[in-house]
Amino acid sequence: EPNWSMEEKLSIMNSRFNKRVLIDMFVWNDDRDSSRHIIYIDQPSLGMPSRDYYFNGGNYQRVREAYLQFMITIAKMIREDKNVSKDDSFVQEEMAKVMELETEIANATTPAEERHDVTLLYNKMTLKELQEKFALNVSEFNWTFFIQGVMSSVSVQVDPEEEVVVYGIPYLQELKAIISKYSASTIQNYLIWRLVIDRVSSLSRRFKDARASYRKALYGTTLEEARWRECVSYVNNNMENAVGAMYVRETFAGESKRMVRDLIEKIREAFVETLDELQWMDEASKEKAREKAMAIKEQIGYPDYILEDQNEKLDQEYANLNFSEHSYFENILENLRAGAQKSLRKLRERVDQDIWIIGAAVVNAFYSPNRNQIVFPAGILQPPFFSKHQPQALNFGGIGMVIGHEITHGFDDNGRNFDKDGNMFDWWSNFSAMHFKEQSHCMVYQYGNYTWELAGGQNISGISTLGENIADNGGVRQAYKAYLKWLEREGKEPKLPGLDLSHKQLFFLNFAQVWCGSYRPEYASQSIKTDVHSPLKYRVMGSLQNFEAFSEVFHCKKGTTMHPAGKCRVW
């Protein structure tokens, strides 16, 4: 096309298909001002799960080879469907160029381990400055035109003075040289490929069959999820409040909300009391930490409005969606457009502090540093995490530990950079900040020394998993402290029949139980590079090796695996 414009294509991908390729441009809470939204520019995601797949050998190389074949097969299928002449060697050459382009893009991205300090990532500038610093080609790429193209979809005007936050500076510095090497047709082919790979799940069987070898290399199985399960999770992910309302009506006991709120208070209290035990932190920083912990807001179960028949808010969420009963694929495109526009529209809106960031029918929990808020959806408030019918030892070891984990995220290597109002602000004394880094370093080293057999004996990244490890260690400690306090107040619980275990042992047993799971080796190789959590086994062992109370309760001798002489502790 003579009038082909990269700005236009990238903005269509972003605003119509919610797909951010080559440049990740999105609207989010401003890290330095939690009451407003701002545009962020960052390095993009890639077609494969992480940059390692483009360069490493072994399993990663097998995935890479299957990925290229998958590309070629899909390109041939699309050409055939469009009645374009059959030319296999041409298709192979073209897709090899696409692979080359993506490999260069992967190489330009900064590894996750080097993007750990959000205070260093954050660079605010105007669009005008962005254009001056990162002209992607001398006369070619117009940043204002690209961003205006995206924002026009929601009728928002931007001008050269619009402020943006650039996270991906090193990447943008490399991008110009990469783009100038490739033809418009290779770039266009790459954009289409990234659009198609995400949609294979919503296409017919022959497209899924084309993906089988790639899936086998990536996940260790060609087995696709059962269709009903795929449909259920799709609807839950895309209409979370509508599904949430049905789920809560069906299964959620009202008093669970009150019981969990009570647990949160007990564990918050334990966190605050634990601050007194810390030698590495001075009084001024402890006081700030106390203030922040007391200011954490909580959301439990579900937003009330989804159950209120008179409340139109739930209907409004789906009012601008035009679904058709007979057009599955088109409905999916409609959802992508609506999802993109919902996020983009926020640019000119104040941050709504009461909004729920997740649906109710989700088995997970969250901490948001920008809101200083913890969220426990109804989905996680069930066994083994929580039940009003199970002993409190199990509740404290299950959901209690999860509550402690989420609270501690407010004080991990990322959360500690935000104040009680969710603004990025350094509230630490030099003394405490220096010692925080020292205490953390112990954990980086501890977890970084674990090797994972399933992932081919690779070491875990102590840096990438640090935040989650700090939260796991703090969470189990606070939950146990809160449980001991509960025992003091309420007295002993009746023993569980058939189990020769004390309640203190049961606490740790359920903590371990909730992280029980298994991996295929291929998936382990992926998750060791992409998951910010340690493998399940080490989430349990790592936290308990650091916790004296565990060794006491299970009588582990000093110097054994579970009671090492050197222990790490942050909170």
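Residues numbered from 1 in each chain as written. Predicted model: local features only at pLDDT ≥ 70, side-chain atom pairs only at ≥ 80, totals over all residues. Heavy atoms only, no water.

> Lay out the sheet that holds strand 5 (residues 297-301) in plain terms, naming residues and giving numbers.
The mixed open sheet is built from three strands, whose spatial order is 5-7-6. Edge positions in the open sheet fall to strand 5 and strand 6 (366-368), since each of these has one partner strand only. On average, each strand axis in the sheet is tilted by 15 degrees relative to the strand beside it, whichever way the strands run. Where strand 5 lies against strand 7 (residues 373-377), five bridges are found, and the strand directions are parallel. By the bridge assignment, Gly 301 is partnered in strand 7 with Pro 377. (Pairing = 2+ DSSP bridges. Helix = DSSP H or I, 4+ residues; strand = E, 2+ residues; numbered from the N terminus. Axes fitted to C-alpha atoms, helices over the stretch in contact; angles between N-to-C directions.)

> An account of the state of the cysteines is requested, with residue identities and associated values reported.
In this structure the tally under the stated criterion is one disulfide. Through a disulfide, Cys 442 is tied to Cys 568; the S-S separation comes to 2.0 Å. Between Cys 442 and Cys 568, the S-S torsion sits near -75 degrees, and that sign places the bridge as left-handed. Separated by 126 residues along the polypeptide, Cys 442 in helix 18 (residues 430-448) and Cys 568 in the segment after helix 23 (548-554) bring together distant segments of the chain. A relative accessible area of 29% means that Cys 442 is categorised as partly exposed. Its sulfur unpaired, Cys 516 is 19 Å from the next cysteine sulfur, which belongs to Cys 556. Taking relative accessible area as the criterion, Cys 516 reaches 64% and is therefore assigned exposed. (Disulfide = S-S within 2.5 Å. Buried < 20%, exposed > 50% of the residue type's maximum accessible area, 1.4 Å probe, protein only.)

> Provide a residue-level description of the UniProt feature "domain: Peptidase M13 C-terminal" (unreviewed entry) in the chain, including the pertinent values.
Annotation from UniProt places "domain: Peptidase M13 C-terminal" (unreviewed entry) at residues 364-570. Secondary structure content for residues 364-570 is 48% helix and 6% strand, while the C-alpha to C-alpha distance between its ends is 24 Å. (UniProt positions renumbered as here; feature names shortened; annotations may be inferred.)

> Before we move on, can you summarise the pattern of salt bridges with the specific residues and values?
Scanning the entire structure with this criterion turns up 35 salt bridges. A salt bridge links Asp 81 to Arg 206; the nearest nitrogen and oxygen atoms lie 2.6 Å apart. With Asp 81 in helix 3 (residues 59-81) and Arg 206 in helix 10 (residues 205-219), the pair connects residues that are 125 residues apart, well separated along the chain. Between Arg 337 and Glu 334 there is a salt bridge whose closest N-O contact spans 2.7 Å. Linking Arg 337 with Glu 334, this pair stays in helix 16 (residues 328-345), spanning three residues, or about one helical turn. (Salt bridge = Lys/Arg side-chain N within 4 Å of Asp/Glu carboxyl O.)

> Please set out helix 19 (residues 466-490) residue by residue, giving values where relevant.
Here helix 19 spans 36 Å end to end across 25 residues, near enough to the 36 Å set by a 1.5 Å rise per residue. A large share of helix 19 lies buried, amounting to 19 of its 25 residues. The positive-phi residue at the C-terminal boundary of helix 19 is Gly 491, with phi of around 85 degrees. (Expected span 1.5 Å × (residues − 1).)

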